[in-house]
Amino acid sequence: MAFFTYIVTNKPRGSLYCGQTDDINRRAWEHRNRVLKGYSHQYNCTALVWFETFESRENALARERQIKNWKRDWKIELIEEANPHWRDLADTLI
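The model shown is predicted, which means the values in this text are computed figures rather than measured ones.

Caption draft 1: The arrangement of the side chain of Thr9 in detail. Tracing the chain through its elements places Thr9 in strand E1 (residues 3–9). Look at Thr9 and you get buried, because its relative accessible area is 2%.

Caption draft 2: Region of the structure containing helix H1 (residues 24–32). Every buried residue of H1 is listed here: Ile24, Arg27, Ala28, Glu30 and His31. Mapping the buried residues of H1 onto a view down its axis gives an arc of 160°, with all of them on the same face. Buried positions along H1 lie against E1, strand E2 (16–21), helix H2 (39–42) and strand E3 (47–54). Where H1 begins, the capping side chain belongs to Asp23, and its oxygen is found 3.3 Å from the backbone nitrogen of Asn25. Once H1 ends, the next one or two residues include Arg34, with phi positive near 55°.

Caption draft 3: Representation of the pattern of salt bridges. Enumeration over the complete set of coordinates arrives at nine salt bridges. For Arg13, the salt bridge goes to Glu80, with nearest N and O atoms at 3.1 Å. On the criterion of sequence distance, the pair formed by Arg13 in the loop between E1 and E2 and Glu80 in helix H4 (residues 72–82) is long-range, its members being 67 residues apart. Classification of Glu80 as partly exposed rests on a relative accessible area of 26%. Glu52 is the partner of Arg63 in a salt bridge, and the nearest nitrogen-oxygen pair spans 2.8 Å. Note that Arg63 is positioned in helix H3 (residues 57–68) and Glu52 in strand E3, a separation of 11 residues in sequence. Taking the relative accessible area as the measure of exposure, Glu52 reaches 25% and is therefore partly exposed. What emerges from the salt-bridge pattern is a single network uniting Asp22, Arg26, Arg27, Glu30 and Arg57.

Conventions and cut-offs
Residues numbered from 1 in each chain as written. Predicted model: local features only at pLDDT ≥ 70, side-chain atom pairs only at ≥ 80, totals over all residues. Heavy atoms only, no water. Helix = DSSP H or I, 4+ residues; strand = E, 2+ residues; numbered from the N terminus. Buried < 20%, exposed > 50% of the residue type's maximum accessible area, 1.4 Å probe, protein only. Arc of directions from axis to C-beta. Contact = heavy atoms within 4.5 Å. Polar contact = N/O pair within 3.5 Å; in protein donor to acceptor, adjacent residues only side chain to side chain. Salt bridge = Lys/Arg side-chain N within 4 Å of Asp/Glu carboxyl O.

See the structure below:
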């Protein structure tokens, strides 16, 4: 089983939300359809712009905590290294 740490946004360089999940397809759908209440719903963070895969939930959670403590610029840099055009990666998931 795979686990994921991910970032969703409302627009390029807009509001960023970082989370972790064991089902990236379902979670991307939940964000896109604004099912989840809270920060991502309030700021309309619906586009999956970055994610990383882990073999354990603990590693995914540790990475989420690490990224949440980062400066905003570092998060933007992380996204732009992997996804310079800020495409919604949910469209590429199987």
